Amino acid sequence: MRVDDFRLMLGKREFVPIMIGGMGVDISTSPLALEAARLGGIGHLSDAMIQAVCDRHFDTHFVKDKVKKYKSSANNRDKTAVQFDLGELAEAVRMHVEKTMEAKKGSGLVFVNCMEKLTMNAPRETLAVRLKSALDAGIDGITLAAGLHLGSFSLIEDHPRFRDAFLGIIVSSLRALQLFIRKTARSRRLPDYIVIEGPLAGGHLGFGMDWAKYDLASIVAEIGGWLAAEKLDIPLIPAGGIFTGSDAVSFLRNGAGAVQVATRFTVVRECGLPEEVKQKYFRADETDIEVNQISPTGYPMRMLSGSPAIGDGIRPNCEAYGYILSGSGQCSYVDSYYREADLCPDARRLSIKDKTCLCTHMRNYNLWTCGHNTYRLKDTTRRLADGTYQILTAEHVFRDYQFSTDGEIALPAPQ
Ligand SMILES: Cc1cc2nc3c(=O)[nH]c(=O)nc-3n(C[C@H](O)[C@H](O)[C@H](O)COP(=O)(O)O)c2cc1C
């Protein structure tokens, strides 16, 4: 059997059961999401650091303007005043989503990955704007990520598209799903799909540092059992470590509606990572991949141990970015930075070991977040004469998932 023997049903519509997961910041680009949709599956934009992403692609200067506005607080430990302009935030989301939806072809869908942990110094207000603007701009669906999202449905329940856009949530445990469903019952709307992210995924993990004790198939079975007992029919979409079409088939045969995959797409042309970073992903060995706690979000995060972000001591850049600031203007990197600055007042350059300036380093592709199976990417392509690896296309990887059998991985045609 192969993935193409299955279809994901969302409402009355059918899709190739392959969803490319959201990868912030601008790793899952608009062209990558559009390829998934063109091929009949589902792709994701991410709205992480959306203003910086817009500045990169369009003729906007959201970041420069914000820096100018808050220049005076650059040396200030108190970041309470550094707020996002909600009108500008709405405009940035709208631009990114609208441009993508205008370019969409094919029978698939484009969703946006929306992380609750991007608290942006005003969690409720900014999240409401992000969700509503994506709906206004015509996104096909929203995947609620990195957080329990207990209040997210109520933020948009009055939106005219609340009942017709596809809305899903990422969970890593039955408990998180139960809380979400209980809490959102008031909105009289269930999620249209549930992504179950296991411990081998890329990005932030929904587990503690004991992540290795957990296993995706067991969590999927537990959640599937509970939904059946509750007579709830919602497609389950396992994610994390699904590396071949056959891995995907084993979940689909057990009743999953689709799979969400990401790592294999980090080395395709359409992925936003710079070329040299894609080569680092190819070259990585298993021992080069670590899960650590340097993310100021508080979630463990998996990354390449050679990431320049690790141990770097750049001055916090909240005036430009500030996406992790809590509702009271705090970020644990700001705390760590000033703790070290107080200890070493004469140091020309600090090294901060326990936390990283997530915004700056994600924006500059200096934090090489990755899935557990990144060390296997070298087996998915050809080595070129100069020692580098051949970059793939999203279409090649998508079709390999869709049609491969027997655990095989098709190599690309020689360049
Ligand atoms: C480089 C990278 C960045 C990611 N960033 C995000 C993110 O911003 N938000 C999110 O919800 N998931 C993120 N993920 C998780 C993926 O969307 C996906 O669920 C998971 O990685 C699938 O497992 P796989 O990578 O083993 O295929 C990221 C994954 C990778 C590899």
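The rules we used
Residues numbered from 1 in each chain as written. Predicted model: local features only at pLDDT ≥ 70, side-chain atom pairs only at ≥ 80, totals over all residues. Helix = DSSP H or I, 4+ residues; strand = E, 2+ residues; numbered from the N terminus. Rg over C-alpha atoms; globule rule 2.2 N^0.38 Å. Buried ≥ 20, exposed ≤ 12 C-beta atoms within 10 Å, placed from the backbone. Contact = placed C-beta atoms within 7 Å. Near = placed C-beta within 6 Å. Nonpolar A, V, L, I, M, F, W, Y, C, P; charged D, E, K, R; others polar. Core = buried A, V, L, I, M, F, W, Y, C linked by C-beta atoms within 7 Å. Pairing = 2+ DSSP bridges. Axes fitted to C-alpha atoms, helices over the stretch in contact; angles between N-to-C directions. Left-handed = near helix turned anticlockwise from the far one by under 90°. Arc of directions from axis to C-beta. Parallel < 35°, antiparallel > 145°, perpendicular 65-115°, else oblique.

(A) Just the overall build of the protein chain, in detail. Along its length, the protein chain carries 13 helices and 13 strands. The C-alpha atoms of the protein chain give a radius of gyration of 21 Å, which matches the 22 Å a tight globule of 415 residues would have. Expressed as lengths along the three principal axes of its C-alpha atoms, the size of the protein chain is roughly 65 × 60 × 45 Å. Sorting the 415 residues of the protein chain into buried and exposed places 50% on the buried side. Once local pairs closer than 6 in sequence are excluded, the contacts in the protein chain between residues at least 24 apart make up 74%.

(B) Inspection of the site of the ligand at higher detail. Close to the ligand lie 30 residues, the nearest being Gly21, Ala145, Gly202, Gly203 and Gly371. Taken together, the residues that form the shell around the ligand break down as 14 nonpolar, 15 polar and one charged.

(C) Here's a closer look at the nonpolar core. Among the nonpolar cores identified, the biggest contains 127 residues, and Met49, Ile196, Ile237 and Val259 are the most heavily contacted of them. The contacts of isoleucine 237, once residues within four sequence positions are left out, are Met19, Tyr193, Ile194, Val195, Ile196, Ala256, Gly257, Ala258, Val259 and Gln260.

(D) Quick peek at the pairing of strand β8 (residues 193-197). For β8, a buried count of five out of five residues is recorded, marking the element as mostly surrounded by other parts of the structure. Burial of β8 is two-sided: the residues Tyr193, Val195 and Glu197 facing one way and the residues Ile194 and Ile196 facing the other way are all buried. Sheet analysis places strand β7 (residues 166-171) next to β8, joined by four bridges and oriented parallel. Paired with glycine 168 across the two strands is tyrosine 193, which belongs to β8. Pairing between β8 and strand β10 (residues 236-239): four bridges, direction parallel.

(E) Inspection of the packing of helix α1 (residues 30-38) against helix α4 (residues 86-103) at higher detail. The contact between α1 and α4 brings their axes to 10 Å, and the two run at 35°. The handedness of the crossing between α1 and α4 is right-handed. Residues Ser30, Ala33 and Leu34 of α1 lie in contact with α4, whose contacting residues are Lys99, Thr100 and Ala103. Of the residues contributing to the contact of α1 with α4, the split by class is three nonpolar, two polar and one charged.

(F) Just the pairing of strand β4 (residues 42-46), in detail. Here β4 lies mainly inside the structure; five of its five residues are buried. The two faces of β4 match: Ile42, His44 and Ser46 on one face and Gly43 and Leu45 on the other face are all buried. Pairing of β4 with strand β5 (residues 109-115), which is carried by five bridges, proceeds in the parallel orientation. Counterpart to histidine 44 in the pairing with β5 is phenylalanine 111.

(G) Quick look at helix α9 (residues 245-253). Looking at α9, one finds that the buried residues are Gly245, Ala248, Val249, Phe251 and Leu252. Summarising the axial view, the buried residues of α9 lie within an arc of 165°, below the 170-degree limit, and thus occupy one face. Looking at the packing, one finds that the buried side of α9 touches α8 (216-229), β10, β11 (259-261) and α13 (394-403).

(H) View of the sheet that holds strand β9 (residues 203-204). Here three strands make up an open sheet; going across it, the order is β9-β13-β12 and the pairing antiparallel. Both edges of this open sheet fall to β9 and β12 (289-292), since each of them pairs with a single strand only. Strand direction decides the pairing type here: β12 and strand β13 (residues 301-304), joined by four bridges, are antiparallel. Its bridge partner being in β13, asparagine 292 is matched across the sheet by methionine 301.

(I) Spotlight on helix α2 (residues 50-57). Taken together, the buried positions of α2 are Ile50, Gln51, Ala52, Val53 and Cys54. For α2, the elements touching its buried residues are α3 (62-69), α4 and α12 (358-363).

(J) Seen up close, the packing of α2 against α4. For the pair α2 and α4, the least separation of the axes is 9 Å and the interaxial angle reads 55°. Here α2 is positioned oblique relative to α4, judged by the angle of their axes. Two packed elements cross with a definite hand, and for α2 against α4 that hand is left-handed. Residues Ile50, Gln51, Val53 and Cys54 of α2 form the contact with α4, whose participating residues are Glu88, Leu89, Ala92, Val93, Met95 and His96. Tallied by class, the residues present in the contact of α2 with α4 amount to seven nonpolar, two polar and one charged.

(K) Representation of the environment of leucine 8. Structurally, leucine 8 can be placed in strand β1 (residues 8-10). Taking the C-alpha atoms as reference points, leucine 8 and glycine 41, 33 residues apart in sequence, are found 8.8 Å from one another. With near-sequence residues (within four places) excluded, leucine 8 lies in contact with Phe15, Pro17, Pro235, Gly257 and Ala258.

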